[in-house]
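Take a look at the letters that make up each chain.
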Amino acid sequence: MKILAGNSNLPLARAIADYLDLPLTKADVRRFADDEVFVEIHENVRGEDVFVIQSTSAPANDNLMELLICIDALRRSSAKRITAVVPYFGYARQDRKPGPRTPISAKLVANLITEAGADRVLAVDLHAGQIQGFFDIPTDNLYGAPVMAADILGRTGGDNLMVVSPDVGGVVRARALSKRINDAPLSIVDKRRDKPGSSEVMNIIGDVKGWDCILIDDIIDSGGTLCNAAGALMDAGAKSVTAYLTHGVLSGTAVERVTASALTELVITDSIQPTAAALASPKIRILPIAPLIGEAIQRIAEESSVSSLWD
Ligand code: R5P
C-alpha cells in the first residue's frame, strides 16, 4: 500500500500516514511558472495499491486538478489500484439542478475523477448520500457522527442533550447522532435561503427551553446557517448551543462570525486544513479525522468491512 498526498491538506495526509505507520510516497506536486499543475512520483508504484489524499477545498479548482493529475500520473505508472481519498468533496452542494439551464457539477466532478483513472473513492460525510451514486466505481462514504458522538459523550456524559438540525435537509444526520448519544431528543430549525451565502431562521420545530443543544451539520461555509440557528435557539430559551460540523469551509468572515456568535463552541474536523484564524479562535476546536480515514484505508487495503467501523 502507498499513500500519495496532494497539497490541499498535508498535515492530514501525514497524520493518516502516521496512523498507518507508512511514509508518504516521495513525489513532487508542483506548479509550472504559468500555474499549470505538474506531478512527478519519485518511487516505483507499479502493481501497488495507492491511496491519493486530496480534499477539493479552496482553491477548489486547483486542488481538483492536482487530484486528477496525481491519479493520471499513477495510472500511467501502472499502479494496480488507485483510490481517491477525498476527505472534503467540493462541488457537492451542486448535486441537482436548482433551476433551468444550471449544471449538476457534483456529477461532473465524479465523472472527472473516474475518467482520470480512479478505481475507488473514499469520502467523508458527502453533502448528500446520493452523491455516492454519481460514481460508477466503489465509493465509501465515511460518517463523522461516531467520532463526534464519542467526543460529546466524553465531554458531557450525555446529560440534558438535545440534537438540533439547522435545516430540514439535515434531519437524517441529526437523528443518526441522536441515536449515538443515548437517543437524545431532536429539534429542527426551519431555515429559508433565498440566495447562496444568506439564510434566515423562520421557526424552531421543538421546545429547546433549558436544553444543552448540539447543532450538527456537514458544512460550515459563511457561517450564516449555524450562527443564525445558534442565536434563534438561545432566544428560544436553550441553555447552551454547541455545534459539530464535519467540514470547516469557513469562507470570508466566517471565523469572526462564529467567534462573535451565541455558540459556546464550534467543533470541526480537519477534513479541510484549518486556517490560522480558525486555529486562533477561542470558540473553534478541531477534532482529528485521520484515525477514521486511516482505519478505513487499512480495511480497504485488507478487503475487510468498512461499514463495521460505525457499528
Ligand atoms: C446546506 O445544506 C449545508 O448543509 C450547510 O448548512 C450550508 O452549506 C452552510 O452554509 P453557510 O455556512 O454559508 O450558511
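Nothing here was measured: the structure is a model prediction, and the numbers come from that model.

Caption draft 1: Examining the site of the ligand more closely. Surveying the vicinity of the ligand reveals 14 residues, the closest of which are Asp217, Asp218, Ser222, Gly223 and Thr225. One of the side-chain N or O atoms of arginine 93 is found 3.1 Å from an oxygen atom in the ligand. Take aspartate 218: an N or O atom from its side chain is 2.7 Å from an oxygen atom of the ligand. Judged by the proximity of its atoms to the pocket grid, the ligand belongs to the largest pocket. Of all the secondary structure elements, the ones that give two or more residues to the shell around the ligand are strand S9 (186-195), strand S11 (212-220) and helix H6 (224-235). Top element by residues in the shell around the ligand is S11. It accounts for four residues. Residue composition of the shell around the ligand, by class: two nonpolar, five polar and seven charged.

Caption draft 2: The arrangement of the environment of proline 87 in detail. Along the polypeptide, proline 87 turns up in the loop between strand S5 (81-86) and helix H3 (105-116). A relative accessible area of 1% places proline 87 in the buried class. In contact with proline 87, other than residues within four places in its own chain, are Leu12, Ile53, Gln54, Ser55, Val124, His247, Ser271 and Ile293.

Caption draft 3: Local environment of the nonpolar core. Ranked by internal contacts, the top residues of the largest apolar core, which has 35 residues, are Ile71, Leu74, Ala84, Phe89 and Ile113. Elements with a minimum of two residues in this core: strand S3 (37-41), strand S4 (49-53), helix H2 (60-76), S5, H3 and strand S6 (120-124). Grouped together as the second largest cluster of nonpolar side chains are 25 residues, Met162, Val189, Leu226 and Ala230 included.

Caption draft 4: A look at the pairing of S4. With five of five residues buried, S4 is to be regarded as a mostly interior element. Burial along S4 is two-sided: Asp49, Phe51 and Ile53 and Val50 and Val52, pointing in opposite directions, are all buried. The pairing of strand S1 (residues 2-5) with S4 spans four bridges and is classified as parallel. Directly across from leucine 4, in S4, lies its bridge partner valine 52. With five bridges connecting them, S4 and S5 associate as parallel partners.

Criteria and cut-off values
Residues numbered from 1 in each chain as written. Predicted model: local features only at pLDDT ≥ 70, side-chain atom pairs only at ≥ 80, totals over all residues. Heavy atoms only, no water. Near = heavy atom within 4 Å. Polar contact = N/O pair within 3.5 Å; in protein donor to acceptor, adjacent residues only side chain to side chain. 1 Å grid on protein atoms, 1.4 Å probe; cavity = no way out; pocket = protein on both sides within 12 Å on 5 of 7 lines; lining within 4 Å. Sits in = over half its atoms within 2 Å of the grid points. Helix = DSSP H or I, 4+ residues; strand = E, 2+ residues; numbered from the N terminus. Nonpolar A, V, L, I, M, F, W, Y, C, P; charged D, E, K, R; others polar. Buried < 20%, exposed > 50% of the residue type's maximum accessible area, 1.4 Å probe, protein only. Contact = heavy atoms within 4.5 Å. Core = buried A, V, L, I, M, F, W, Y, C linked by side-chain atoms within 4.5 Å. Pairing = 2+ DSSP bridges.

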